[in-house]
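Report on the structure
Each chain is listed here by its residues.
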Amino acid sequence: MGDQSHPKSTEVSSAQKVSPSPVVDTSAQGVVFKDICVDVATKRILWSVSGHARPGAVLAILGPSGSGKTTLLNTLAGQVKKSSGLISLNGRNLTKKNRRKTSYVLQSDVFFPNLTLRETITYSALLRLPREYSFREKLNKVEEIIKTLHLEDCASTIIGNPLARGLSGGEKKRTNIGCELLTDPHLLLLDEPTSGLDSSSALSLLETLVSVAREDNKTVITSIHQPSSQLFHMFDGILIMAKGKVAYFGAASEAMDYVASVGLRCTMHYNPADYLLELVSVDSSRKVLIGEDPKQEERPVIKKWWQKLFSRSPQPLPPAIDELVPIEDYTSSPQLPRSPTVSAINPLSLEKVDNPSSPPDNTSGPPDNSSETVSTHSNEGEGRHIPQDRKWATRWYWQFLVLLVRTFRESRHNTLSFLNFTQSVFLAIACALVWFQVPKAEESIADAYAFLFFSITFWGFNATFSVAFEFPSDHPVVTKERSSGTYHLSAYFMAKLVSELPLLFLHPTLFHFICHFIIGLNNTAYGFFGMWLTYIVTSLVGQSIGLFLSASFLNLKNIILYGSVLMLTFMLVGGFFAENLPFWLQWSKYTSFITYSYRACLQFSFPPDVQYSCAEMSEYAVCSNSTGTGNATISGTDILDGLGVDTPLYANILILIGIALFTRYLAYLSLRYLHRPKN
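Residue numbers run consecutively from 1 along every chain, following the written order of its sequence. Totals for whole chains, interfaces and linings use all residues, but because this is a predicted model, local features are given only for residues with pLDDT of at least 70 and pairs of side-chain atoms are given and counted only at 80 or more. Here the side-chain values reflect all heavy atoms present in the structure, with hydrogen atoms and water set aside.

**Digging into the packing of helix α12 (residues 445-466) against helix α18 (residues 593-605)**
What counts is decided by this rule: The axes used here are C-alpha line fits, helices contributing only the stretch in contact, and every angle between their N-to-C directions lies in the interval 0 to 180 degrees. Helix numbers and strand numbers start at the N terminus; a helix is a DSSP run of H or I with at least 4 residues, a strand a run of E with at least 2. Angle categories are assigned with fixed cut-offs, so that under 35 degrees is roughly parallel, over 145 is roughly antiparallel, 65 to 115 is roughly perpendicular, and the rest are oblique. Left-handed describes a crossing whose near helix is turned anticlockwise from the far helix through less than a right angle; right-handed describes the clockwise counterpart. Here a residue-residue contact requires only that any non-hydrogen atoms of the pair lie within 4.5 Å. Here the term charged refers only to Asp, Glu, Lys and Arg, the term nonpolar to Ala, Val, Leu, Ile, Met, Phe, Trp, Tyr, Cys and Pro, and the term polar to all other amino acids, Gly among them.
Two elements in contact, α12 and α18, have axes separated by 10 Å at closest approach and are oriented at 135 degrees. Regarding the angle of α12 to α18, the classification is oblique. The chirality of how α12 crosses α18 is right-handed. The segment α12 lies against α18, with Tyr-449, Leu-452, Phe-453, Ile-456, Thr-457 and Gly-460 engaging Phe-593, Ile-594, Ser-597, Tyr-598, Cys-601, Leu-602 and Ser-605. The class makeup of the residues in the contact of α12 with α18 is 9 nonpolar, 4 polar and no charged.

**Here's the deal with the sheet that holds strand β9 (residues 237-242)**
Paired through their backbone hydrogen bonds, the strands of a sheet run either parallel or antiparallel. As a reminder, the rule being used: When DSSP finds at least two bridges between two strands, those strands are taken to pair.
Strand order in this open sheet of 6 strands is β6-β7-β8-β3-β9-β10, and the pairing throughout is mixed. In the strand order of this sheet, the two ends are held by β6 (102-105) and β10 (245-251), each with one partner. Strand-to-strand twist of the sheet, defined as the mean angle between neighbouring strand axes without regard to direction, takes the value 15 degrees. Examined bridge by bridge, strand β7 (residues 187-191) and strand β8 (residues 219-223) share 5 bridges and lie parallel to one another. Looking at the pairing, Asp-191 lines up with Ser-223 of β8. Sheet contacts for helix α4 (residues 169-181): β6 and β7; angle to β6, the most-contacted strand, approximately 165 degrees.

**Brief notes about a positive patch on the surface**
Our working rule: Note that patches include only residues with greater than 30% relative accessible area and no salt bridge, and the join distances are 9 Å for like charges and 5 Å for nonpolar side chains (Val, Leu, Ile, Met, Phe, Trp, Tyr). Each accessible area is a Shrake-Rupley result for a 1.4 Å probe, and residues are judged covered by the shown protein chains and nothing else. For this analysis, a salt bridge means a side-chain nitrogen from Lys or Arg found within 4 Å of a carboxyl oxygen belonging to Asp or Glu. We score Asp and Glu as negative and Lys and Arg as positive, and we do not count His or the chain ends. By convention, the point assigned to a charge is CZ for Arg, NZ for Lys, CD for Glu and CG for Asp.
On the surface, Lys-96, Lys-97, Arg-100, Lys-391, Arg-672 and Arg-676 cluster together to form a positively charged patch. Tracing the sequence through the fold places Arg-100 in the loop between β5 (92-93) and β6.

**Topic: helix α16 (residues 525-553)**
So the rule is basically this: One less than the number of residues in a helix, times 1.5 Å, gives the span that helix is expected to have. Buried residues are those whose accessible area, probed at 1.4 Å on protein chains only, stays under 20% of the maximum for their type, while exposed residues exceed 50% and partly exposed ones sit between those limits.
Between the first and last C-alpha of α16 there are 42 Å, a value that for 29 residues agrees with the 42 Å anticipated at 1.5 Å per step. Of all 29 residues in α16, 21 are buried, a share of seventy percent or more. With its phi angle positive at about 55 degrees, Leu-554 sits one or two positions after the end of α16.

**A look at the packing of helix α11 (residues 418-434) against helix α15 (residues 501-519)**
Running from N to C, α11 and α15 cross one another at 20 degrees; their axes reach a closest spacing of 9 Å. In terms of orientation, α11 lies roughly parallel with respect to α15. Of the two elements, α11 crosses α15, and the hand of that crossing is right-handed. Of α15, the residues touching α11 (which contributes Asn-420, Phe-421, Ser-424, Val-425, Leu-427, Ala-428, Cys-431 and Ala-432) are Leu-506, His-507, Leu-510, Phe-511, Ile-514, Cys-515, Ile-518 and Ile-519.

**Observations regarding the nonpolar core**
This is how it is decided: In plain words, nonpolar cores are sets of buried Ala, Val, Leu, Ile, Met, Phe, Trp, Tyr and Cys residues tied together by side-chain atoms within 4.5 Å.
Counting 55 residues, the largest nonpolar core has Ile-177, Leu-188, Phe-232, Phe-235, Ile-238, Ile-240 and Leu-276 as its most contacted members. Here the element with the most residues in this core is helix α5 (residues 199-216); it accounts for 8 residues. If sequence neighbours within four positions are ignored, Phe-235 has contacts with Val-58, Ala-60, Leu-206, Ile-224, Pro-227 and Ala-252. Among the nonpolar cores identified, the runner-up in size contains 48 residues, and Ala-432, Val-537, Val-541 and Leu-640 belong to it.

**What about a nonpolar patch on the surface?**
Together, Trp-396, Tyr-397, Leu-401 and Met-494 give the surface a local cluster of nonpolar side chains, amounting to about 400 Å² of exposed area. The leading source of residues in the nonpolar patch is helix α10 (residues 396-415), at 3 residues. If you trace the backbone, Leu-401 turns up in helix α10. Among the residues examined, Leu-401 registers a relative accessible area of 41% and is labelled partly exposed.

**Digging into the pattern of salt bridges**
Tallied over the full model, the rule gives 12 salt bridges. Residue Lys-496 pairs with Asp-474 through a salt bridge whose shortest N-O separation is 2.7 Å. With Lys-496 in helix α14 (residues 489-499) and Asp-474 in helix α13 (residues 470-483), the pair connects residues that are 22 residues apart, well separated along the chain. Residue Lys-496 shares its accessibility class with Asp-474, and that shared class is buried. Linked through salt bridges whose partners overlap, the residues forming this network are Glu-470, Asp-474, Lys-496 and Glu-500.

**Things to note about the pairing of strand β2 (residues 43-53)**
Summarising burial for β2: 9 of the 11 residues are buried, a large majority. Of the strand pairs in this sheet, strand β1 (residues 31-40) and β2 are connected by 7 bridges, and their pairing is antiparallel. Paired with Phe-33 across the strands is Gly-51, a residue of β2. In this structure, the hairpin formed by β1 and β2 is closed by a connection of 2 residues, where Ala-41 is found at a positive phi of approximately 60 degrees.

**Considering helix α17 (residues 556-572)**
The test is simple: This arc describes the spread of directions from the helix axis toward the C-beta atoms.
Here α17 contains 17 residues, and its C-alpha end-to-end distance of 24 Å stays within 8% of the 24 Å for a straight helix at 1.5 Å per residue. Taken as a whole, α17 has its buried residues at Ile-559, Gly-563, Met-567, Phe-570 and Met-571. Seen end-on, α17 carries its buried residues on one side only, within an arc spanning 95 degrees. Where α17 is buried, its residues meet α12, α13, α16 and α18.

**Some points on the pairing of β7**
Applied cut-off: When the strands point away from the viewer and the path from the first strand over the helix to the second turns clockwise, the crossover is right-handed.
By the criterion of burial, β7 is predominantly enclosed, with 5 of the 5 residues buried. What you see with β7 is no split at all: Leu-187, Leu-189 and Asp-191 on one side and Leu-188 and Leu-190 on the other are buried throughout. Here β6 pairs with β7 via 4 bridges, running parallel. Paired with Tyr-104 across the bridge in β7 is Leu-189. Chirality of the crossover, the property in question, places the unit of β7, α5 and β8 among those that are right-handed.

**What to know about the packing of aromatic side chains**
Put simply, the rule reads: Here a pair means two rings of Phe, Tyr or Trp (six-membered ring of Trp) with centres within 6.5 Å. Their orientation is stacked below 30 degrees between planes, edge-to-face above 60, and tilted elsewhere. Any Lys NZ or Arg CZ found within 6 Å of a ring centre and within 35 degrees of that ring's normal is scored as a charge over the ring.
For the structure shown, the criterion picks out 23 aromatic pairs. Ring geometry for Phe-453 versus Tyr-598: centroids 5.4 Å apart, planes at 85 degrees, classification edge-to-face. Here Phe-453, found in helix α12, pairs with Tyr-598, found in helix α18; they are 145 residues apart in sequence, far enough to count as distant. Residue Phe-453 shares its accessibility class with Tyr-598, and that shared class is buried. Among the aromatic residues, those joined into a ring-pair cluster are Trp-435, Phe-451, Phe-454, Phe-458, Trp-459, Phe-511 and Tyr-535. It is Lys-245 that lies over the ring of Trp-47; its NZ or CZ is 5.5 Å from the centre.

**Focus: the sheet that holds strand β4 (residues 84-89)**
With antiparallel pairing, the 4 strands of this open sheet are ordered in space as β2-β1-β4-β5. Of all strands in the sheet, those bounded by a partner on one side alone are β2 and β5. Relative to β5, β4 runs antiparallel, the two sharing 2 bridges. Following the sheet pairing, Leu-89 is matched in β5 by Arg-92.

Okay, structure coming up:
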């Protein structure tokens, strides 16, 4: 196909070039897509794909791997930009505004693993249902969805992951569908929902989809790779794709008759889905259907079958969609004209439609032409008006509160884990034993330096790598929710920052309360609370750096690599290992947050009034000048001057806070611009 030139956007595929047959009016309800072409770089993926689906019916998109099933769904969902073609939903050109009534269930079930099924759907309801719904109404909606999808028995089970057992594959898929049904979409798209499920789970899932389509009058379109014969006969309509083109579009019950009409016969008791997929997967290197061996002399026959398969379509598209035109503002477009009143069989419905202009009971009425508000009803039956052009269903502060609770509940197992408490306690005990009651003597000043540098370095490193994996784990869920316009990115980011504060405050505080007085560098209230403040601010900076790395790379290997190099560099130039840097490298110490943390710790631990006894061979001038007096001591000011600490204490703290705020802002920019959703 690489040597074929791209057809013009106005060109109709050969599958639609047929004589008129009984038509069905799909201009009023459902989704219609015509001549959809998609190009990626210089390669065409979809070639003039057309079809339609009606409310109350399930349309299945079949085809071998690489046939374009997922690309078509992504195009209908607005996640892939079409090169040409037209898409309408309920008689209106599909735009960003009315695309909000479309829900897309991805092939992978992306959730937070530590939340229960009920919590997952509840938080989705609190964020996605409009603000006109009360809190109680949203909870009632959640219970209704759980009951509809028959998830009552596992509602309190966590989602789970490979390390923690949770829901089964079928239960996760139904949970995914439940989150999308919350917003009462007109169109429900699903990408291979039965992949990875056993036959029983797949059947149960499809029965759920059929029930949702029938009872809630939804238009359901799903791609499916290789359905069983039982699943195949449950579909109302099928669209078979091969190499980006339509091989068959029509009723599932008529598919085998159509294949027989082009000279192909399916063996009795053979799965029709398997047979159809083998037809469109013709490969000269292997056997194809009913035992034919594609020898060299038989290949022209197979080629002839292939051409026949693509040369006809038993259900051509209705004339109404030929009148679709691109309209930028769908709210001002007139309603599409209806087809003439004729007796026809809807290929996506089991019922006979005697008058297509009057929809049957299983279809909703004509769309409301008003673009200002839409009337909806809660479970309690209270009517309300919700602006249709509203970008966000809920306000920023509500999104922040819901996300704050959700994020904390998801991460509380790690933040408040027994291992983290054990680490803090054992480390504090180890430091207390090593630096027990440091004497107020010149010989012990170096030991005090070592403890201060070790403690602030550890809490900087610990805070960095404790959050470094946060955004990579959240990214799939956040991308899905951002794509659907669930919340502001800023609301999620602020909730994430605030939810991490328990880890930021709790463990350094526990460490400090255990070892400070045992080590005894400065037991005054000034020294105690000053050191505690320095630990907290140092952890704040380390956490900010970790969030920035996490948001920038979203790759564990890169985060560990760059994080380790960055933090070790900060440690080297921080003032403990190399006090006298080369003159051409002096500037580097001011780029390290450890420099300011270390200096602040020194200033809190060696105030001016502290006195250390001089050594016999003292390095301090005050001791040399007082030799023989017997009462020479070293003050905190002398110690700080000897270390070259010339920055005011308040400046060190303010610089640390500034670094933390600036780094967090960079993390937000990385999330917003480097890893924004494609649509």
